[in-house]
Number of protein chains: 2
Amino acid sequence: MPSEPKAALAAGKLAEYEQLSKIYDDIIKQPRPHLTVEGQGKVLLVLADEDRLSQRQLANRLAMSPQSVNEFVYKLVSRGLVTLDSSPRDKRVKLVSLTSAGRETIENAAREVPTFLRALSDDELSQLTELLDKVTKAMYTDIDNANPTAGVKLHKLFASRYLNRFKKQKM
Amino acid sequence: MPSEPKAALAAGKLAEYEQLSKIYDDIIKQPRPHLTVEGQGKVLLVLADEDRLSQRQLANRLAMSPQSVNEFVYKLVSRGLVTLDSSPRDKRVKLVSLTSAGRETIENAAREVPTFLRALSDDELSQLTELLDKVTKAMYTDIDNANPTAGVKLHKLFASRYLNRFKKQKM
DNA sequence: TCTTGTTAGTCAGGGTACCTGACTAAGGAG
DNA sequence: CTCCTTAGTCAGGTACCCTGACTAACAAGA
């Protein structure tokens, strides 16, 4: 395997990017209401894809414990971004739905493409997308092999989110 | 700007990668002692680059509050990965040094290149590195423009870390 | 030399993202 | 009408971060 150094360099850059993206939002996007891609933000993201889900369904789609989902849902309720109403069919389940404010929040967040991507040309953007696609695919198979139950649940989450936008813009 | 959809796709893939990498380590790397790239792990990373730093210097290099650094340092002390001894020159400062166990920990962590990168060929790895380099450079300039005081401190952190490894392997 | 201002570290307390364990209320199967 | 499962929830815990307030040490000026 002569590819070690190159892989190490790529790994370093990937780590650097991850690190930077954490502080980037805090420093740069002060004006715009940015949606974090974790916790409450993840819940909103799933709901944008499919509304009126039970907390259990959310937990499954997010590969997260139901207790955590519960916590995030109630925080979102208190922020007025989602509502809870019990299902008529099953009194145990409480359906989570986006409010118009919640829907607006995700729309705004999805609309904003990080400015630092302006450094790349169209060709480079396509290249990057393709490379990351290979990387994430490899990650999914690794995850699936290690733990078949946990994987794949959030697979379509981001892809579908951004693909939806793409389709909408084309029409 | 006709590049919007392509940028959006790339942004989506980037978000997907970030999301996955969070859960990837938890699921996959159970056997190996993985070093997280945050909190205590960040501190170790800086110390690997330059040992015997004051907590203040660590805070500066990590663009983090001194209180947080203090917390992580003491956690590392209790794990036996670093030691504290007061500077002879200035009784206020306590120098943080890696123990041999600490050094071993980072060496092991740095040695391991994520397996999902095996999905890429050497050429693709170089491409990815180059593209991410452009992206991170753009992020650094954004950060610098928005807040000249905070930026650039961790700039060399990851790069130097992995470049060092690269150089060592070449010799 | 004594005061004044700065600096390094630290304590207290707070916020968010998670987690496990234990419990209740409702549903379903026999 | 039991018995088991399921959806939600409460309690409590960990890690990563932050701000505010305080002490001890240092450094500079009167």
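See the structure above.
Quick caveat: nothing in here was measured; it's all calculated off a predicted structure.

Overview of the protein's contact with DNA strand C
- In the vicinity of DNA strand C, 23 residues are found, and the nearest of them are A:Gly39, B:Arg56, B:Asn70, B:Tyr74 and B:Lys94.
- Each atom of DNA strand C within 4 Å of the protein was classed as base or backbone; sugar and phosphate made up 64%.
- One of the side-chain N or O atoms of A:Gln40 is found 3.2 Å from a phosphate oxygen in DNA strand C.
- Side-chain polar atom of B:Tyr74 to a phosphate oxygen of DNA strand C: 2.2 Å apart, as the coordinates give it.
- Sorting the residues of the surface near DNA strand C by element identifies helix 2 (40-49) and helix 4 (66-78) of chain A together with helix 3 (55-62) and helix 4 (66-78) of chain B as the ones contributing at least two each.
- With five residues, the top contributor of residues to the surface near DNA strand C is helix 4 of chain A.
- Residues belonging to the surface near DNA strand C are distributed by class as follows: four nonpolar, nine polar and 10 charged.

Describing the protein's contact with DNA strand D
- In the vicinity of DNA strand D lie 24 residues, with A:Gln55, A:Arg56, A:Asn70, A:Tyr74 and B:Gln67 positioned nearest.
- Backbone atoms, meaning sugar plus phosphate, form 61% of the atoms of DNA strand D positioned within 4 Å of the protein.
- A distance of 2.3 Å is found between a phosphate oxygen of DNA strand D and a side-chain nitrogen or oxygen belonging to A:Tyr74.
- Interatomic distance of 2.7 Å between a side-chain N/O atom of A:Arg92 and a base oxygen of DNA strand D.
- Mapped by element, the contributors of at least two residues to the surface near DNA strand D are helix 3 (55-62) and helix 4 of chain A together with helix 2 (40-49) and helix 4 of chain B.
- The element that contributes the greatest number of residues to the surface near DNA strand D is helix 4 of chain B, accounting for five residues.
- A per-class count over the surface near DNA strand D returns five nonpolar, nine polar and 10 charged.

Description of the packing of aromatic side chains
All names here are of chain A.
- Taken as a whole and assessed by the stated rule, the structure comprises two aromatic pairs over all chains.
- Aromatic side chains Tyr17 and Phe116 sit 6.2 Å apart centroid to centroid with 70 degrees between the ring planes, which places their arrangement in the edge-to-face category. Highlighted residues: Tyr17 in helix 1 (residues 4-28) and Phe116 in the loop between helix 5 (100-111) and helix 6 (122-146), separated in sequence by 99 residues.
- We classify Phe116 as buried; its relative accessible area is 4%.

A look at the pattern of salt bridges
- Throughout the structure, instances matching the rule amount to 18 salt bridges over all chains.
- With a shortest N-O distance of 2.7 Å, B:Asp133 and A:Lys13 are connected by a salt bridge. Placement of the pair is B:Asp133 in helix 6 (residues 122-146) and A:Lys13 in helix 1, with the two residues belonging to separate chains.
- In this structure B:Asp133 comes out as partly exposed when scored by relative accessible area, which is 23%.
- On the basis of relative accessibility, which here comes to 12%, the residue A:Lys13 falls in the buried class.
- For the salt bridge of B:Lys137 with B:Asp133, the shortest nitrogen-to-oxygen distance reads 2.7 Å.

Cut-offs applied
- Residues numbered from 1 in each chain as written.
- Chains lettered and ligands numbered in written order.
- Predicted model: local features only at pLDDT ≥ 70, side-chain atom pairs only at ≥ 80, totals over all residues.
- Heavy atoms only, no water.
- Near = heavy atom within 4 Å.
- Polar contact = N/O pair within 3.5 Å; in protein donor to acceptor, adjacent residues only side chain to side chain.
- Helix = DSSP H or I, 4+ residues; strand = E, 2+ residues; numbered from the N terminus.
- Nonpolar A, V, L, I, M, F, W, Y, C, P; charged D, E, K, R; others polar.
- Phe/Tyr/Trp six-rings, centres within 6.5 Å; stacked < 30°, edge-to-face > 60°.
- Buried < 20%, exposed > 50% of the residue type's maximum accessible area, 1.4 Å probe, protein only.
- Salt bridge = Lys/Arg side-chain N within 4 Å of Asp/Glu carboxyl O.

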